[in-house]
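Commentary on secondary and tertiary structure
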Amino acid sequence: MIWAPEETFSREEIQAIQLRKLKQAVAYTYEKVPNYRVKMDQAGVKPKDIQTLKDLEKLPFTNKSDFRDNYPMGLFACSKSELVRIHASSGTTGKPTVVGYTKNDKHIWTNNVSRIACMGGATGEDIVQIAFGYGLFTGALGLHAGLENIGATVIPMSSGNTRKQIMFMQDMGTTLLVATPSYALHLGEAARAMGIDPEEDLKIHIGLFGGEGMTEPMRDEMHRIWGKSFLCTQNYGMSELCGPGVSGECEQLQGMHVNEDWFIPEIIDPKTGEVLPPGAKGELVVTCLGKEALPMIRYRTKDISKLMYEPCPCGRTTVRMDNLSGRSDDMLVIRLP
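Everything quoted here is computed from the prediction, not taken from an experiment. (Residues numbered from 1 in each chain as written. Predicted model: local features only at pLDDT ≥ 70, side-chain atom pairs only at ≥ 80, totals over all residues. Heavy atoms only, no water.)

A few words on the overall build of the chain. Looking only at helices and strands, the chain has nine helices and 14 strands in total. Against the 2.2 N^0.38 benchmark of 20 Å for 337 residues, the chain shows a C-alpha radius of gyration of 20 Å, consistent with a compact globule. Considering only C-alpha atoms, the chain reaches an extent of 65 × 55 × 45 Å along its principal axes. Within the chain, contacts between residues at least 6 apart in sequence are counted, and of these 66% link residues at least 24 apart. (Helix = DSSP H or I, 4+ residues; strand = E, 2+ residues; numbered from the N terminus. Rg over C-alpha atoms; globule rule 2.2 N^0.38 Å. Contact = heavy atoms within 4.5 Å.)

So this is what it looks like as structure tokens:
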């Protein structure tokens, strides 16, 4: 099922939407966010200089350090009274990354997650068990809202308590699981250890996975544990960009479709910042379109991927990003004796 008509627009239609929204986003961010206005002034670029999508390359990057330097809410473009939700990262490496949403931001977020859910095979008939941890993490509440939006029944189990998770799968007839890939594997193994065959004794036939990367060997293992017909897709997002809802795999499993009318992806050389051509592997950079509380221009995700513009058999015309293959900030340190 395709949730939104924009997912099948022509390349020309998508780019027209992106350019219109990009001009608005740059002007809005320049006016509302002092940190980014200083960066643009230092780069010698003004909002009026953005006349084509190619002009995006003139704009300075936003980095994780900008959140640290402006903690907690110095990158916000609206007042606290306009916010309806605040989330944050775990902050395990320092101050947490604080993000916020206006009512309109939350509406856009929910609909983008609904698209991702439908890409992965979800329908309004599904009974969904969410095994993400609820709280400041964007994943659980993001998927919760998007799946409810398509009419699915949602069980907000949260993470952990594995035996109770399996009991609810049996008693409630759960058909779709939201979890990290590693926890999904653990659940399946735990069910088998209890004498339950997930393929024969449970109704789960779809997994919508996020929160960590899923490799192809992990997908193969998922099929071994949950059954050959188990459809497991992964989706991509991060709190700085909105949470889940940036991109997701469709049932064809040929990369993650980006919601291009709300996000402009680029691939850059992580060392030089040069924008690379389609098909080249490099660091993913994302510009958000239409965000009110926390506009984000050219955010360096540090994730390594590539962009694929070839048509997808599912009928969607949006660009696909390849499964992540590492981080640009990963370093191997060799200490010599």
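Its location among the elements puts Thr318 in the loop between strand 13 (307-308) and strand 14 (320-321). Reaching out from Thr318, the side chain makes a polar contact with the side chain of His257 at a distance of 3.1 Å. The residues contacting Thr318, other than those within four sequence positions of it, are Glu6, Glu7, Arg11, Ile14, His257, Val258 and Glu260. (Polar contact = N/O pair within 3.5 Å; in protein donor to acceptor, adjacent residues only side chain to side chain.)

What follows deals with the packing of helix 6 (residues 162-172) against helix 7 (residues 181-193). The N-to-C vectors of helix 6 and helix 7 enclose an angle of 75 degrees; their axes lie 10 Å apart at closest approach. Judged by the angle between their axes, helix 6 and helix 7 are roughly perpendicular. Of the residues in helix 7, those in contact with Thr162, Gln165, Ile166 and Met169 of helix 6 are Tyr183, His186, Leu187, Ala190 and Ala191. For the contact of helix 6 with helix 7, the residue count by class is six nonpolar, three polar and no charged. (Axes fitted to C-alpha atoms, helices over the stretch in contact; angles between N-to-C directions. Parallel < 35°, antiparallel > 145°, perpendicular 65-115°, else oblique. Nonpolar A, V, L, I, M, F, W, Y, C, P; charged D, E, K, R; others polar.)

In this structure, the largest pocket spans a volume of roughly 1000 Å³. Taken together, 42 residues form the lining of the largest pocket, with Lys64, Gly237, Met238, Ser239 and Glu240 sitting closest to its centre. Among the secondary structure elements, those contributing two or more residues to the lining of the largest pocket are helix 3 (64-69), helix 5 (138-149), strand 7 (231-238), strand 8 (243-249) and strand 12 (299-305). Estimates place the volume of the second largest pocket at around 410 Å³. (1 Å grid on protein atoms, 1.4 Å probe; cavity = no way out; pocket = protein on both sides within 12 Å on 5 of 7 lines; lining within 4 Å. Points joined across faces, edges and corners; volume = space filled by probe spheres on them.)

Rolling a probe over the atoms, with the probe sized like a water molecule, indicates the empty space that remains. Across all of its chains, the model carries two cavities of 30 Å³ or more by this definition. Looking at the largest cavity, the residues that line it are Tyr101, Asp105, Ile108, Trp109, Asn112, Leu241, Cys242, Trp262, Phe263, Leu289, Gly290 and Lys291. The element that contributes the greatest number of residues to the lining of the largest cavity is helix 4 (residues 103-119), accounting for four residues. Tallied by class, the residues present in the lining of the largest cavity amount to eight nonpolar, two polar and two charged. Every residue along the wall of the second largest cavity is listed here: Thr29, Val33, Asn35, Tyr36, Thr62, Leu75, Pro295, Met296 and Ile297. Looking at the lining of the second largest cavity residue by residue, the class counts come to six nonpolar, three polar and no charged.

Judged by pairing direction, the sheet is antiparallel, and its three strands sit side by side in the order 10-11-12 without closing on themselves. The sheet is open, and its two borders are formed by strand 10 (263-268) and strand 12, each paired with just one other strand. Each adjacent strand pair in this sheet contributes to an overall mean axis angle of 30 degrees, direction not counted. Here strand 10 pairs with strand 11 (residues 282-288) via six bridges, running antiparallel. Paired with Ile268 across the bridge in strand 11 is Glu283. (Pairing = 2+ DSSP bridges.)

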